[in-house]
Amino acid sequence: MTTPVEAADKLVATATRIAEQVAGPVADDVDRKARFPVEAIDALRAERALSALVPVELGGDGLTVGQLSKAVSALARQCASTAMVFAMHHMQSASLVRHGHSEFLRDVARQLAERQLLLASATTELGVGGDLRTSHCAVERSGGRFRLEKQAPVISYGAYADMVLTTARRSPESPPNDQVLVVCAPPGLELEETGVWDTLGFRGTVSPGFVLRAEGDERCVIDDQFSDVLEHTMLPSSHVLWSSVWLGLAAAAVERARRFVRTEARKNPGTTPPSAIRLAELVAAFGQMEALVADASRRYDECWDDGEALSSMGFAIAMNSLKVSASTMVVDIVGRAMVICGMAGYREDSPYSLGRILRDAHGAAVMVNNDRILANNAQMLLVHKDG
Amino acid sequence: MDEQIRSVLAEHGRFPVDVATLDDRADLYQAGMTSHASVSVMLALEDAFDIEFPERMLRKSTFESVAAIREALTELCATAVE
């Protein structure tokens, strides 16, 4: 019997190996062609890494989101798109296993582990302005079946997913914020692509718009209301795992800068190259980011099963702050690495090239815009008291 | 107290339905109160009852129904008098 800590360590080792041997060598190709990182995701599947958060009794590893953080960072050091797909899958798998209490949904989790199914999400909708807590589309039920249709402006790796967790109003009569999360799966799932994904970074996540049409057994509707799923699981796990992706990007940039400075130093032993001072600053900045992400992972793990703590405003503010801080730090760190590496970092054809890392890093502040998150915190701080 | 709670809800809860039609135990979030509106409700309640909700009460469950709000306020007002 493996302990969760052993399983988490093993997963980091597996992710590191896959990152270096599988994801890294094709990362530029994935980026250039904006194609799905199929090799790396298949390799993760083969290692049964897609069921890391599924409870042991349902066939998974029973890990927590915090325990997954380092594996996500390891992947991101080589290919941020692979890491992001892996992270987003786990935000959804966490939502399924933590909020799908019925025997039917536990069986879906069992299937996930057995067949290593890849989960995507359709939480935003055209016309709601990016607000996850508002849905236009609604679940229609009759005769034990459900049906829904959603205009999704973005479904990350939608075309490659085995199931899509979709938000919708509880019923056609429900107000826009009375939402549920629905597991949509073939054969009752139809995705009609409505756009292309041609972005600055995270190109391998292949996230175009879709019209999603789904129908199936009404037990696919997750029991807990979506506001709880979001508060307890989707929001904290996305902020912890996204930040872990960005930490991996920052680590990759720091690694190039360190290598560059060492090479410079070797050319002229006895003289400390001027860039070494900048490297010292960079390493300090990276340490701050590393500590921030580690602390947030630990904090989430500590209250993982404590619904009261997860519902507190203090926790929500901390997780929102994590997202805003980490997404700002990654751009700063990659920028500093660029100054250190100079032309060698700016070039696309050098071993110190930072172009892809910089482009990916800029995704951090715009995927769920930092201003929206700060506005949420600003509002909560009107009533929140310290301690 | 109930009347005052309901009047705060009517003014700041931005419900798509008439607050008077909501049962004491009805889930206010399911009835359409957004988290944005719930902060306004908290602020207005603090002002109306001259209390401050402590951190431990700042969670969804405290504000999920008229009855839940009443329980929280009763506790806070009792402490205030002591």
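For the structure itself, consult the block above.
Thresholds, definitions, all that
- Residues numbered from 1 in each chain as written.
- Chains lettered and ligands numbered in written order.
- Predicted model: local features only at pLDDT ≥ 70, side-chain atom pairs only at ≥ 80, totals over all residues.
- Heavy atoms only, no water.
- Helix = DSSP H or I, 4+ residues; strand = E, 2+ residues; numbered from the N terminus.
- Rg over C-alpha atoms; globule rule 2.2 N^0.38 Å.
- Buried < 20%, exposed > 50% of the residue type's maximum accessible area, 1.4 Å probe, protein only.
- Contact = heavy atoms within 4.5 Å.
- Areas by Shrake-Rupley, 256 points an atom, 1.4 Å probe, with all protein chains shown as cover.
- Pairing = 2+ DSSP bridges.
- Axes fitted to C-alpha atoms, helices over the stretch in contact; angles between N-to-C directions.
- Parallel < 35°, antiparallel > 145°, perpendicular 65-115°, else oblique.
- Left-handed = near helix turned anticlockwise from the far one by under 90°.
- Nonpolar A, V, L, I, M, F, W, Y, C, P; charged D, E, K, R; others polar.
- Phe/Tyr/Trp six-rings, centres within 6.5 Å; stacked < 30°, edge-to-face > 60°.
- Lys NZ or Arg CZ within 6 Å of the ring centre and 35° of its normal.

**Focus on the overall build of chain A**
Now for step 1: Check the secondary structure of chain A and you find 13 helices and seven strands.
Now for step 2: For chain A, the C-alpha radius of gyration of 21 Å lies close to 21 Å, the compact-globule estimate for 387 residues.
Now for step 3: Dimensions along the principal axes, computed over C-alpha positions, put chain A at roughly 80 × 50 × 45 Å.
Now for step 4: In chain A, buried positions account for 57% of the 387 residues.
Now for step 5: Look at the contacts in chain A between residues 6 or more apart in sequence, and 76% of them connect residues 24 or more apart.
Now for step 6: Summed over all atoms, the accessible surface of chain A reaches about 16,000 Å², with 53% contributed by carbon and sulfur.

**A word on the sheet that holds strand β4 (residues 163–169) of chain A**
Residues and elements named next belong to chain A.
Now for step 1: Pairing in this open sheet of three strands is mixed, and the strands run β1-β4-β5 from one edge to the other. Whereas interior strands pair on both sides, the edge strands pair on one side only; in this sheet they are β1 (119–122) and β5 (179–184). Within this sheet the neighbouring strands show an average axis-to-axis angle of 25°, counted without direction.
Now for step 2: In terms of strand pairing, β1 meets β4 through four bridges, oriented parallel. When the sheet's bridge partners are listed, Ala 120 is paired in β4 with Val 164.
Now for step 3: Packed on one face of the sheet, helix α6 (residues 226–267) meets β4 and β5 and runs near 75° to β5.

**Some thoughts on the packing of helix α7 (residues 275–302) of chain A against helix α9 (residues 313–341) of chain A**
Two measures define how a pair of helices packs: the angle their axes make with one another and the distance between the axes.
All names here are of chain A.
Now for step 1: One way to put it is that α7 packs onto α9 with a least axis distance of 10 Å and a crossing angle of 160°. Taken together, the axes of α7 and α9 are roughly antiparallel relative to one another. The interaxial crossing formed by α7 with α9 has left-handed handedness.
Now for step 2: Residues of the contact of α7 with α9, tallied by class, amount to 19 nonpolar, four polar and four charged.

**Observations concerning the packing of aromatic side chains**
Now for step 1: Scanning the model with the defined rule gives seven aromatic pairs over all chains in all.
Now for step 2: Measuring from centroid to centroid gives 4.3 Å for Phe 36 of chain A and Tyr 160 of chain A, while their planes differ by 5°, and the two rings are stacked. Taken together, the residues Phe 36 of chain A in the loop between α1 (4–33) and α2 (38–46) and Tyr 160 of chain A in the loop between β3 (145–152) and β4 connect sequence positions 124 residues apart.
Now for step 3: By relative accessible area, Phe 36 of chain A is classed as buried at 7%.
Now for step 4: For Tyr 160 of chain A, a relative accessible area of 38% gives the class partly exposed.
Now for step 5: Taking the ring centre of Trp 304 of chain A as reference, the NZ or CZ of Arg 98 of chain A above it sits at 3.8 Å.
Now for step 6: The cationic tip of Lys 60 of chain B hangs over the ring face of Tyr 29 of chain B; the distance from NZ or CZ to the ring centre is 5.1 Å.

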